[in-house]
Protein chains: 2
Amino acid sequence: MSTIQETIHLMGRQARAAAYQLAQLSSEEKNTILRAMAAAIREATPELLEANAKDLAAGKEKGLSSAMLDRLKLDESRIEAMAAGIDQVATLPDPVGQVMEKWTRPNGIEIEQIRVPIGTIGIIYESRPNVTADAAVLCFKTGNATILRGGSEAIHSNVAIAKALGKAGAPEHAIQLIPFTDRESVAALAGMDQWLDLIIPRGGKGLIETVVSLARMPVIKHYDGICHLYADKAADFNMAITLTVNSKTQKCGVCNALETLLIHRDIAEAFLPNVAAALREKNVQLRGCERTISILGGRDRSPQRSGECAENESAQEGLGDPTLGTHSHSILTDRPEVGPCLQVIPATEEDWSTEYLDLILSIKIVDSLEEAVSHINQYGSHHTDTIVTADQAAAEQFLRSVDSACVFHNVSTRFADGGEFGFGAEIGISTDKLHARGPMGLRELTSYQYRVRGNGQVRG
Amino acid sequence: MSTIQETIHLMGRQARAAAYQLAQLSSEEKNTILRAMAAAIREATPELLEANAKDLAAGKEKGLSSAMLDRLKLDESRIEAMAAGIDQVATLPDPVGQVMEKWTRPNGIEIEQIRVPIGTIGIIYESRPNVTADAAVLCFKTGNATILRGGSEAIHSNVAIAKALGKAGAPEHAIQLIPFTDRESVAALAGMDQWLDLIIPRGGKGLIETVVSLARMPVIKHYDGICHLYADKAADFNMAITLTVNSKTQKCGVCNALETLLIHRDIAEAFLPNVAAALREKNVQLRGCERTISILGGRDRSPQRSGECAENESAQEGLGDPTLGTHSHSILTDRPEVGPCLQVIPATEEDWSTEYLDLILSIKIVDSLEEAVSHINQYGSHHTDTIVTADQAAAEQFLRSVDSACVFHNVSTRFADGGEFGFGAEIGISTDKLHARGPMGLRELTSYQYRVRGNGQVRG
């Protein structure tokens, strides 16, 4: 074993021991420590700013973009937001210990299914330092020990945050930060399934892919959101326009933003010009199928500007935000040029499976609800899809047939969010189907255990 | 891509299409098809016997042990049991469509969390042909499409069973059997996470390890059961003896059988001779810690006989049985010689983490309940552990502190079983903590989806 492997395996063993202690803490004890963590973060503000300054200087030297530097940056208000987020987690109900089900068998044995911590969780994330605190406290609240492995750009900030959290009286090794930022440490973490029960990668597709191919333990993935809105033939036009514009533009750099609009052919001629006008007002670039272009008129496909997505690159997202750590930057490599777009670009096959994360929308006219559903199931990412219709039967058919974590009727896709669902906090939005699907709250950071009580029963 | 890969990827694509059809079937439609499957199996009895005869002949030629041949064998009563198992699955409640939770947000959106099929499931299993039917029908009942990959020894039987199931009117490609039995087909299956949502290996540790290292999709593992019984200082001796004997000997070749007995030092002198006598009466070989030997007397460690575990190698286990496909054969390589054992063999470090699956029991005296718990958490397999005590506080401490899927108080370990839990059917006992832990019934073969209904809500 290399030194890095040895260090990380030792951290794994320590995390397991800490997890057994954490599992014994009462909710009150955990909340007291959480409030102490928030206080320690506030108290460490000078140290955090100092450490962050080192990261920022190194980042500038490395030539990081201004958007990257902004994501990396801590200031007093961001540090306060981090602390306030921790205080808020302390107020949330603790899922650990909840009885999920309870029944008695004919032979008299009593069976209880009880929520317990998962145990030990590895979090691998990229540049934003606040993830260090956010992920660690959500895991702590649910009685899990964490091993954090952040990106190299934020290493000084991450170390300082972890150090502050460590002063709050949590069991030793409850929260550990890996001091290495190379790839070998990811491989070591992903390989030690004897010590780590779960790994959550928080970042771009490349990072997730790497973790998936290396990990021996379960991985909860937060892949793309290629979200659809289907305007049914029985759609209320005003509602369909409002929901399309909100889903696409209220915040376009996030995984629950709209990427493709599907329109029933019966309403296309009447509806398309209106929705296109509303979208153009918000500087949304449109990419359409042939029929869309025949209605709206088209132009050649060439580099072209989409409007600025105001919140796209600057958001320092935190616990209250659905997109914690994921998908907050544009994926476009050929950054469009300036100038609003009045014509529709022909959509290519690739457009239907592209998460733009920008003010771009693909539009397709479909012949039926069935075609809309199969388009979504084929090209979508099984994240969030919505139907706009006044026809209840059509709505129910859509909800039943679309294979996505969140299926909506007459609601903006932007509601696919732990906060909006009322979960209080969110670790991400899972695109997996096992264990956790869709918005993940505290409950999804727990496992369960069967506790069975009897009076000497044996099997005959 | 090789031919094998291409074939398996095509099967994956077909399974996905079938899954969308399966998800639309009502419980009644599925149950009708299940009853037709049972009838088709009964009707195909001559073909199944003929195919099985080929496998048996090939197995004899290959020199399979008589135990292996017995596991492979189909006869009329086993075929009838397979069909009856399918009929029984048709009578069970369907978890798909169940509303898990439902709530309304202040903005009026209504959120429903609903059980839906997982989608597509790969099952990789070893010699016993009945798994073909058992696994396929449990997945079918829950609306999942399956791709089955059985062992080479049973290939003719498996093909015949799958063919019979295919005559019952299920959507095309709902149940597919891979016609290859080489390792490349396992790799191809485990690699295609675009088509397969879950993989369940059903067999020995080697098979599970292989799948874990290859799989890109979630794997639900059914590893060893190194189960403990802790006789607390407040244990009722008679109950502790009865439960120890039942847990160890009622069926010793299964994952919920007892492997290690822990005894509180305060009762060791009085309790040990009694429990040892009861175990010896059942021909159980004892391996003890130093203190155990100082009380019972010991002998050198050398090859030695344990009693025959009557049901160890002959059981043709089916849907009603907890150990479907796993752990049904002895792992001992140095098969003990004949003759009952009257002395205790010194236990080595390895004994504490060995799943004997035979009439062998390791015994350790501990100083405290805490030591029992940490021994279990360190050496056990987090499967099933039981405490025998009249002290309620001690029992609750044990249940809270042991990190296992099933923790029992005054109950035989043999109750860790889907049937005994009342699940009706069982796909296995998961030693994982994510998605499914402990006995897995139909519910654990489902995922969920959030269905949200509104009237035009947007995010501000």
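Our subject is the structure that appears above.
Chains are numbered independently. Their residues run from 1 in the order of the written sequence. All chains are assigned letters beginning with A, and all ligands numbers beginning with 1, in the order in which they are written. Per-residue local features are limited, in this predicted model, to residues with pLDDT of at least 70; the limit for side-chain atom pairs, both in listing and counting, is 80 or more; totals at the level of whole chains, interfaces and linings are taken over all residues. To get the side-chain values, all heavy atoms of the structure are used, and hydrogens and water are removed first.

**Here we look at empty space enclosed by the protein**
Of the two site types, the cavity is a set of points on a 1 Å grid over the protein atoms alone where a 1.4 Å probe fits but cannot get out, and the pocket is an open set with protein on both sides within 12 Å along at least five of seven lines, each lined by residues with an atom within 4 Å of a point. Grid points are joined across faces, edges and corners, and a volume is the space filled by probe spheres set on the points. Within this structure, the stated rule accounts for four cavities of 30 Å³ or more. A volume near 300 Å³ is recorded for the largest cavity. Every residue lining the largest cavity is counted, 23 residues in all, and those nearest its centre are Met217, Pro218 and Val219 of chain A together with Pro218 and Val219 of chain B. Classifying every residue of the lining of the largest cavity gives 15 nonpolar, two polar and six charged. Charged residues are taken to be Asp, Glu, Lys and Arg, nonpolar residues to be Ala, Val, Leu, Ile, Met, Phe, Trp, Tyr, Cys and Pro, and polar residues to be all remaining types, Gly included.

**What to know about the layout of surface pockets**
Approximately 1,200 Å³ is the volume attributed to the second largest pocket. Every residue lining the second largest pocket is counted, 40 residues in all, and those nearest its centre are Gly380, Ser381 and His382 of chain A together with Arg16 and Gln194 of chain B. Secondary structure elements are taken from DSSP: a helix is a run of H or I of four residues or more, a strand is a run of E of two residues or more, and numbering for both begins at the N terminus. Where the lining of the second largest pocket is concerned, the elements lending two or more residues are helix 9 (205-214), helix 13 (369-379) and helix 14 (392-401) of chain A together with helix 1 (3-22) of chain B. The element best represented in the lining of the second largest pocket is helix 13 of chain A, accounting for six residues. Among the residues forming the lining of the second largest pocket, the class breakdown is eleven nonpolar, 13 polar and 16 charged.

**Topic: the sheet that holds strand 5 (residues 175-177) of chain A**
All names here are of chain A. Strand pairing requires that DSSP identify at least two bridges connecting the strands. One open sheet accounts for four strands, arranged 5-4-3-6; its pairing is parallel. The two strands at the open ends of the sheet, each matched to only one other strand, are strand 5 and strand 6 (198-202). When strand polarity is set aside, the average angle formed by the axes of neighbouring strands in this sheet is 20°. In the sheet, strand 4 (residues 145-149) pairs with strand 5 via three bridges, with the strands oriented parallel. In the strand pairing of strand 5, Thr146 is matched with Ile175. Contacting strand 3 (120-125), strand 4 and strand 5, helix 1 (residues 3-24) crosses the sheet at an angle of about 145° to strand 4. Every angle, taken between N-to-C directions, lies between 0 and 180 degrees, and every axis is a line fitted to C-alpha atoms, over only the stretch in contact when it is a helix. Every residue pair with non-hydrogen atoms within 4.5 Å of one another is taken to be in contact.

**Focus: unusual backbone geometry**
Look at His173 of chain A: it is not a glycine, yet its phi comes out positive at around 70°. For His173 of chain A, a relative accessible area of 26% translates into the label partly exposed. Each residue is placed in one exposure class: buried if its accessible area under a 1.4 Å probe, protein chains only, is under 20% of its type's maximum, exposed if it is over 50%, and partly exposed if it falls in between.

**Details of the packing of helix 5 (residues 76-91) of chain A against helix 6 (residues 130-141) of chain A**
Residue and element names in this part refer to chain A. Viewed as axis vectors pointing N to C, helix 5 and helix 6 meet at an angle of 10°, and their least axial separation amounts to 10 Å. As the angle between them shows, helix 5 and helix 6 are arranged roughly parallel. Contact with helix 5, carried on its side by Met82, Ile86, Val89 and Ala90, involves Asn130, Ala133, Asp134, Val137, Leu138 and Lys141 of helix 6 and no other residues of that element. Considered class by class, the residues forming the contact of helix 5 with helix 6 number seven nonpolar, one polar and two charged. Here the angle decides the label: under 35 degrees means roughly parallel, over 145 means roughly antiparallel, 65 to 115 means roughly perpendicular, and every other value means oblique.

**With respect to the packing of aromatic side chains**
Only the six-membered ring of Trp is used, alongside the rings of Phe and Tyr, when aromatic pairs are assigned; centres must lie within 6.5 Å, and planes under 30 degrees apart are stacked while those over 60 apart are edge-to-face, with the rest tilted. Taken as a whole and judged by the stated rule, the model has 16 aromatic pairs over all chains. An angle of 40° between the planes, with centres 6.1 Å apart, marks the rings of Trp103 of chain A and Phe423 of chain B as tilted. You can see Trp103 of chain A sitting in strand 1 (residues 99-104) and its partner Phe423 of chain B sitting in the loop between helix 15 (418-421) and strand 14 (428-430), one on each of two chains. Take Phe423 of chain B: its relative accessible area is 19%, and that puts it in the buried class. Members of the aromatic cluster, connected to one another through ring pairs, are Trp103, Tyr448 and Tyr450 of chain A together with Phe421 and Phe423 of chain B.

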